[in-house]
Amino acid sequence: MYNGVIKRYRQYLNIEDDSKIVTMNEGRTLFHKLVNLPSALGLKNADIYIKFEGLNPTGSFKDRGMTMAVTKANEQGSGAVICASTGNTSASAAAYAAVAGMKAFVLIPDRKIALGKLAQAIVYGAKVIAVDGNFDDALNMVIRLAKTEPVTLVNSVNPNRLQGQKTAAFEICDDLGHAPDYLVLPVGNAGNISAYWMGFKEYYENGIISALPKMTGFQAAGAAPIVENRIIENPETVATAIRIGNPASWDKAVRARDESNGSISAVTDEEILEAQKLLASEEGIFAEPASCASIAGVVKFAKENRFEKDKHLEIVCILTGNGLKDTSVIIGNGDAEDKIIHAKPDFDVLSQIIRQ
Ligand code: AN7
């Protein structure tokens, strides 16, 4: 039976032999070659794969890092975890803390996280603290609190988080048999891009893969500190998960970009939402807006002829979170009137609609 990322990749992780592993059998997520998108984008010589991290137990990639962070916190006898979050980290921390029998304190920017994520933190039993500020303010607070209070910080500044998250790079290489040409993903606090790069490099150094991917990150245009090379004081984007103005792993992400000969660019909210619809309507996959920054990025690169045409390319897009967490971007506040036909359950009326 599959038992989660720590058991599968234990030789690459620093785990005590007698450690009690806190897992929800995360990982081994859907890896799938897209059917319609490459030709729709005019990329005849490319395969585009998605890794749907939104199919992890709490609906995002955060579960890979959280199994490590909470296992380690538990190993060290901690009774509580704390994090700042744009939503997914809080959901994941709350769930893993519940499994470990620990308390969870989560600080979120008030009214700026998707409701599905808020519902998760509440139902898993975390103490939810909505702060009058953005993610960056909340992160500064929890870093300070964890220094003096009896709580373990489980944001990605905790190195165990990146250790767990690097397992996604291993899975991609194990599935493909090598690394892809491009690894495309959204960038917020920049932990994930740093973790993937660490994972690819470890496989390379161990001789499991013989080439490395170009790390290709995308930030939302209103929250693109790495692209603009400056702290963004008031980041804004519809992709609330990546509404971050001063990423904790900024330097690591820049190193991943430069060492891999990759890039970090911006996509607009409009491009993100268009990509979300495109992915759903062409491929039947519903990912949250932040995740679709990766698809928007591929669309943008295709339009700008940034992909090599003279060789067969493998492009892997990471879909970091599940679309079901954030339905309001599709249906507003419960109001999807222009998408719905209201009709009586009357055969003639309905057949008329079908024939139109
Ligand atoms: C869906 O949950 O920062 O660049 O507090 O939820 O590793 O930060 C979420 C980040 C991309 C960015 N996609 O990843 C949080 C949080 C989704 C996310 C990112 C996040 P990083």
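Presented here is an overview of the structure given in this document.

Here is what the cut-offs are and how they apply
- Residues numbered from 1 in each chain as written.
- Predicted model: local features only at pLDDT ≥ 70, side-chain atom pairs only at ≥ 80, totals over all residues.
- Heavy atoms only, no water.
- Phe/Tyr/Trp six-rings, centres within 6.5 Å; stacked < 30°, edge-to-face > 60°.
- Helix = DSSP H or I, 4+ residues; strand = E, 2+ residues; numbered from the N terminus.
- Buried < 20%, exposed > 50% of the residue type's maximum accessible area, 1.4 Å probe, protein only.
- Pairing = 2+ DSSP bridges.
- Axes fitted to C-alpha atoms, helices over the stretch in contact; angles between N-to-C directions.
- Arc of directions from axis to C-beta.
- Contact = heavy atoms within 4.5 Å.
- Right-handed = clockwise from strand over helix to strand, strands pointing away.

What follows concerns the packing of aromatic side chains. The geometry of two aromatic rings is summed up by the distance between their centres and the angle between their planes. With the rule as written, the count across this model stands at nine aromatic pairs. Between Phe31 and Tyr49, the aromatic rings sit 5.0 Å apart at their centres with planes inclined by 5°, giving stacked as the arrangement. One end of the pair, Phe31, is in strand β1 (residues 30–33); the other, Tyr49, is in strand β2 (residues 46–52), with 18 residues separating them in the sequence. For the residue pair Phe31 and Tyr49, the accessibility class agrees, reading buried in each case. Relative to Phe307, the ring of Tyr182 lies with its centre 5.0 Å away and its plane at 90°, an arrangement referred to as edge-to-face. Linking Tyr182 in strand β7 (residues 182–186) with Phe307 in the loop between α13 (289–303) and β10 (313–319), this pair joins segments that are 125 residues apart in sequence. The class for Tyr182 is buried, based on a relative accessible area of 5%. Note on Phe307: relative accessible area 6%, which makes it buried. Put simply, the rings of Tyr9, Tyr12, Phe170 and Tyr203 touch in pairs and so form one group of aromatic residues.

Moving on: the sheet that holds β10. Either a parallel or an antiparallel arrangement is found when strands of a sheet pair, and the pairing is made through backbone hydrogen bonds. What the six strands build is an open sheet, ordered β1-β2-β10-β7-β8-β9; its pairing is mixed. The strands lining the two open edges of the sheet, one partner per strand, are β1 and β9 (263–267). The mean inter-strand angle of the sheet, taken between neighbouring strand axes irrespective of direction, is 20°. Note that β7 and strand β8 (residues 214–220) share five bridges and pair parallel. By the bridge assignment for β8, Leu185 is matched with Gly217.

This part covers helix α5 (residues 115–123). Since the α-helix turns once every 3.6 residues, residues separated by three or four places project in the same direction. Every buried residue of α5 is accounted for by Lys117, Gln120 and Ala121. One side of α5 holds all its buried residues, which, seen down the axis, span an arc of 95°. Seen from the buried face of α5, the exposed residues on the opposite side, beyond 90 degrees, are Leu115, Ile122 and Val123. Among the structural elements, α4 (88–100), β4 (103–109) and β5 (127–131) are those in contact with the buried residues of α5. Directly after α5, the chain includes Gly125, whose backbone phi takes a positive value near 100°.

Here the focus is the pairing of β4. Side chains on a regular strand alternate between the two faces of the sheet. Summarising burial for β4: five of the seven residues are buried, a large majority. Here five bridges tie strand β3 (residues 80–84) to β4, and the two strands are oriented parallel to one another. Within β4, the residue paired with Ala80 across the bridge is Lys103. Each parallel crossover has a hand, and the one from β3 via α4 to β4 is right-handed. One ladder, built from five bridges, connects β4 with β5; its direction is parallel.

None of the figures reported here should be taken as evidence of function without further support.
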